[in-house]
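What follows is the residue order along each chain.
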2 protein chains.
Amino acid sequence: MPTPTFFNLPEEKRKRILEVAMDEFATHPYSKASLSNIVVRAGIAKGSMYQYFDNKQDLYTYILDLAAQEKITYMKQEFDREDDFFTAVERLLAAGTRFSLEHPQLGRIVANSLDSTGEELLHDLYSKGREMSMEFFENMIKLGMEKGELRQDMDPRLVANLMYSLLGQGLADYLLETLGVTMREYLANPGIWKELTPEHVERVVTEVIKILRSGLQAQ
Amino acid sequence: MPTPTFFNLPEEKRKRILEVAMDEFATHPYSKASLSNIVVRAGIAKGSMYQYFDNKQDLYTYILDLAAQEKITYMKQEFDREDDFFTAVERLLAAGTRFSLEHPQLGRIVANSLDSTGEELLHDLYSKGREMSMEFFENMIKLGMEKGELRQDMDPRLVANLMYSLLGQGLADYLLETLGVTMREYLANPGIWKELTPEHVERVVTEVIKILRSGLQAQ
DNA sequence: ATATAATATGACCAGACAGTCATATGACTA
DNA sequence: TAGTCATATGACTGTCTGGTCATATTATAT
């Protein structure tokens, strides 16, 4: 957690530091992100950073938490526990994809945290995030089975795993790819979002859900 | 590419260097893998490494290529272009999963290369691998559509994307998870493989294919 | 104006990194 | 034995890293 000093900072300065740090962690995995680089870009002294945060990990976890909270809030708006399974998944997938396109920086920070390989220091933190998602999915699936919306000859944990793979960053990446834009380029210039209207997102999401519902096989 | 000197090395020494380097690149992403660490563990001088390879990237690309070739060879054994779509996917998925469990080191090296975020240097190389897989999937899908095995109201590119997400490292990870083992632990002690028989893998693969075929929805 | 506390600073440190190079060792040839 | 070529070596360089700390600046209160 940041020190009280950090919260006493004039808002302009505090925001600037956060923005720069977010950009750094969105464009580099934890171990490659550079504190030295951040402080230079934010126009503050190295020592000052250590008046605000204990160390690199403290800064990172704070920022990851901010990003994750923002995404969760965004998704919760879209989630309605009264929805049937496929409607719920459709809305979650649409919301997640829109979030990644509207807030690519935050999206990347969260997405980076989902691949725990190679960051031993953060492995526990990262696992926790994955486990929470998995549990959420698993409960949705079990409920869908009880309500008779889903086939019951499946292992919920396995299905949750498949959904986790499917519903991640993948769809946003696919949409950018159809425009010939890499996520890297998009991060640097998100103006291209104009072409990716919510309707466009919705159309692709609908197709994915149709597949999730009925499979690939010809009738 | 390695220098002639490297290939002139006594086999024992050459193998030892490769083994150590593979382990390093399997357990660390490119930027975190340490040449200094490799040479110490392999018991050779730093300078010697530079008699064998131009630089770190040269060593890495060589090793990634070895791992990828090995996996491709393994998968090709299992692939039969006469198979119908779902049989082909089933066999590919089973083979890929078995490969990751039988050769976790090679599997990790390849899997690490599939996430190009944060390794700007290697971005082009990594993209090429992804594009080749995607093209392969896309062709399979188009063929399946033509043969009437698959629904034809889907965008092949989108389906290829979904398959790419689905058929990656995910299933091997899931299987390890059901045993309460992380990939990290498994890499250090692959002896646990005994519990993960090919039949076990086949059972889970069959379930995934059933879902891929007919979806999640209750009939 | 003075004293006290909060904040800002950047030179500095130790460690790790990829990569270099002059020198040493060995092996093979004449 | 002398000479030539391939190979091996590890001390060293330059650069970057996260992190520290004595000192300087600023704001607050008396």
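The following paragraphs examine the structure supplied in this document. Predicted model only: the values in this text are computed from it and were never measured. Per-chain numbering applies: the sequence of each chain, read as written, is numbered from 1 onward. Here the convention is simple: chains get letters from A, ligands get numbers from 1, in the order in which they are written. Note on the predicted model: pLDDT of at least 70 is required for a residue's local features to be given, and 80 or more for side-chain atom pairs to be given and counted; whole-chain, interface and lining totals, by contrast, use all residues. Only hydrogens and water are set aside when side-chain values are computed; all heavy atoms of the structure are taken into account.

## Concerning the relation of the copies chain A and chain B
Argument step 1. The two copies are related by a screw operation: chain A maps onto chain B through 180° of rotation and 0.0 Å of translation along the axis, at an RMSD of 0.0 Å. Considering both components of the superposition, the chain copies are consistent with a two-fold axis. Closest approach to the rotation axis within chain A is made by the C-alpha atom of Gly-215 of chain A, at a distance of 1.9 Å.
Argument step 2. Between two residues, a contact is recorded if the distance between any of their heavy atoms is within 4.5 Å. When the interface residues of chain A are mapped onto chain B, 100% of them again lie at the interface, so the same face is used by both copies. Here the copies are matched by least squares. The fit uses the C-alpha atoms of residues with pLDDT of at least 70 in both.

## Focus: the protein's contact with DNA strand D
Argument step 1. By convention in these notes, a residue is near a molecule or strand provided one of its non-hydrogen atoms lies within 4 Å of it. Residues in contact with DNA strand D amount to 19 residues; listed here are only the nearest, Lys-56 of chain A together with Thr-5, Ser-48, Gln-51 and Tyr-52 of chain B.
Argument step 2. What you see for DNA strand D is that sugar and phosphate hold 59% of its atoms within 4 Å of the protein.
Argument step 3. Whenever a nitrogen or oxygen atom comes within 3.5 Å of another N or O atom, the pair is scored as a polar contact, on the condition that within protein one atom can donate a hydrogen and the other can accept it, and that pairs from neighbouring residues in sequence are kept only if both atoms are in side chains. Here a phosphate oxygen of DNA strand D and a side-chain polar atom of Ser-48 of chain B are 3.2 Å apart.
Argument step 4. In this text, helices come from DSSP runs of H or I with a minimum length of four residues, and strands from runs of E with a minimum of two, each type numbered from the N-terminal end. Among the elements of the structure, α3 (35-42) and α4 (46-52) of chain A together with α1 (4-8) and α4 (46-52) of chain B are those that each provide at least two residues to the surface near DNA strand D.
Argument step 5. Sort the elements by how many residues they give to the surface near DNA strand D and α4 of chain B lands first, with five residues.
Argument step 6. In this classification, Asp, Glu, Lys and Arg are treated as charged, Ala, Val, Leu, Ile, Met, Phe, Trp, Tyr, Cys and Pro as nonpolar, and every other residue, Gly included, as polar. Residue classes in the surface near DNA strand D are distributed as six nonpolar, nine polar and four charged.

## Observations concerning helix α10 (residues 170-178) of chain B
Argument step 1. Partly exposed residues are those whose accessible area sits between 20% and 50% of the maximum for their type, while under 20% is buried and over 50% is exposed, using a 1.4 Å probe and protein chains only. Every buried residue belonging to α10 of chain B is among Gly-170, Leu-171, Ala-172, Tyr-174, Leu-175 and Leu-176 of chain B, and all of these are buried.
Argument step 2. Contacts from the buried residues of α10 of chain B go to α9 (156-166) of chain A together with α6 (85-102), α11 (183-188) and α12 (198-214) of chain B.
Argument step 3. Immediately beyond the C-terminal end of α10 of chain B, within one or two residues, lies Gly-180 of chain B, with a positive phi of roughly 70°.

## A few points about the pattern of salt bridges
Argument step 1. Salt bridges are counted wherever a side-chain nitrogen of Lys or Arg sits within 4 Å of a carboxyl oxygen of Asp or Glu. Scanning all chains against the criterion turns up 28 salt bridges over all chains.
Argument step 2. A salt bridge links Glu-78 of chain A to Arg-98 of chain A; its shortest N-O distance comes to 3.3 Å. Here Glu-78 of chain A, found in helix α5 (residues 56-78), pairs with Arg-98 of chain A, found in helix α6 (residues 85-102); they are 20 residues apart in sequence, far enough to count as distant.
Argument step 3. With its nearest N and O atoms 3.4 Å apart, the salt bridge here joins Asp-83 of chain B to Arg-91 of chain B.
Argument step 4. On the basis of relative accessibility, which here comes to 17%, the residue Asp-83 of chain B falls in the buried class.
Argument step 5. Connected through salt bridges with shared partners, the residues Arg-130, Glu-138, Lys-142 and Arg-157 of chain A together with Glu-177 of chain B form a single ionic network.

## Overview of the interface of chain A and chain B
Argument step 1. Between chain A and chain B, the residue contacts involve 50 residues of the former and 50 residues of the latter.
Argument step 2. As used here, buried area is the combined drop in accessible area, with a 1.4 Å probe, of two parts when they are placed together. Summed over both sides, the interface between chain A and chain B buries roughly 4500 Å², with carbon and sulfur atoms accounting for 54% of that surface.
Argument step 3. Linking Lys-210 of chain A and Asp-153 of chain B is a salt bridge whose minimum nitrogen-to-oxygen distance equals 3.4 Å.
Argument step 4. Between the two partners, chain A and chain B, sit 24 residue pairs in polar contact (both at pLDDT 80 or more).
Argument step 5. Of all the secondary structure elements, the ones that give two or more residues to the side of chain A that touches chain B are α6, α7 (104-112), α8 (123-146), α9, α10 (170-178) and α12 (198-214) of chain A.
Argument step 6. Counting residues per element, the side of chain A that touches chain B draws most heavily on α12 of chain A, which supplies eight residues.
Argument step 7. Looking at side-chain class alone, the side of chain A that touches chain B contains 18 nonpolar, 16 polar and 16 charged residues.

## Observations concerning the protein's contact with DNA strand C
Argument step 1. Surveying the vicinity of DNA strand C reveals 19 residues, the closest of which are Gly-47, Ser-48, Gln-51 and Tyr-52 of chain A together with Lys-56 of chain B.
Argument step 2. Of all DNA strand C atoms lying within 4 Å of any protein atom, the proportion belonging to sugar or phosphate reaches 56%.
Argument step 3. One nitrogen or oxygen atom from the side chain of Asn-8 of chain A is found 3.1 Å from a phosphate oxygen belonging to DNA strand C.
Argument step 4. One of the side-chain N or O atoms of Lys-13 of chain A is found 3.3 Å from a phosphate oxygen in DNA strand C.
Argument step 5. For the surface near DNA strand C, the secondary structure elements donating two or more residues are α1 (4-8) and α4 of chain A together with α3 (35-42) and α4 of chain B.
Argument step 6. Considering every element that reaches the surface near DNA strand C, the biggest residue donor is α4 of chain A, with five residues.
Argument step 7. Of the residues that constitute the surface near DNA strand C, the class distribution is six nonpolar, nine polar and four charged.

## Observations concerning the side chain of Asn-161 of chain A
Argument step 1. Within the fold, Asn-161 of chain A resides in helix α9.
Argument step 2. Accessibility expressed as a relative area gives 4% for Asn-161 of chain A, which makes it buried.
Argument step 3. Not counting the four nearest positions on each side in its chain, Asn-161 of chain A is found in contact with Arg-130 and Met-134 of chain A together with Gly-170, Tyr-174 and Glu-177 of chain B.

## What to know about the packing of α10 of chain A against α12 of chain A
Residues and elements named next belong to chain A.
Argument step 1. It is the contact of α10 with α12, at a shortest axis distance of 11 Å, that shows an interaxial angle of 125°. As judged from the angle between their axes, α10 and α12 are oblique. Regarding α10 and α12, the two cross each other, and that crossing is right-handed. For the pair α10 and α12, the contacting residues are Leu-171, Tyr-174 and Leu-175 in the first and His-200, Val-201, Val-204, Val-205 and Val-208 in the second. Only the stretch in contact is used when a helix axis is fitted, and all axes are lines through C-alpha atoms; the angle between N-to-C directions ranges over 0 to 180 degrees. We call two directions roughly parallel when the angle between them is under 35 degrees, roughly antiparallel when it is over 145, roughly perpendicular when it lies between 65 and 115, and oblique otherwise. Here is the rule for handedness: rotate from the far helix to the near one, and if that takes an anticlockwise turn smaller than a right angle the crossing is left-handed, while a clockwise turn gives right-handed.

## So, helix α5 (residues 56-78) of chain B
Residues and elements named next belong to chain B.
Argument step 1. Multiply 1.5 Å by the residue count of a helix minus one, and that product is the helix's expected span. Taking 1.5 Å per residue, 23 residues should reach 33 Å; α5 reaches 34 Å between its end C-alpha atoms and fits that length.
Argument step 2. Burial in α5 covers these residues: Asp-58, Leu-59, Tyr-60, Tyr-62, Ile-63, Leu-64, Ala-67, Tyr-74 and Met-75.
Argument step 3. At the N-terminal end of α5, a side-chain oxygen is found 3.2 Å from the backbone nitrogen of Gln-57, two or three residues along, and the residue is Asn-55.

## Remarks on the nonpolar core
Argument step 1. Among the buried residues, those of types Ala, Val, Leu, Ile, Met, Phe, Trp, Tyr and Cys that are joined through side-chain atoms within 4.5 Å form a nonpolar core. Counting residues in each nonpolar core, the largest one holds 149 residues, and the members touching the most others are Met-49 of chain A together with Met-49 of chain B.
Argument step 2. Residues contacting Met-49 of chain A, with those up to four places away along its chain left out, are Ile-17, Leu-35, Ile-38, Val-39, Ile-44 and Leu-59 of chain A.

## Looking at the environment of Arg-91 of chain B
All names here are of chain B.
Argument step 1. Looking at the element boundaries, Arg-91 is found in helix α6.
Argument step 2. Here Arg-91 falls in the partly exposed class, since its relative accessible area comes to 33%.
Argument step 3. Taking C-alpha positions, Arg-91 is 8.6 Å from Val-205, a pair spaced 114 residues apart along the chain.
Argument step 4. The residues contacting Arg-91, other than those within four sequence positions of it, are Glu-78 and Asp-83.
Argument step 5. Within the local environment of Arg-91, its side chain forms a polar contact with the backbone oxygen of Glu-78, the two atoms lying 3.4 Å apart.

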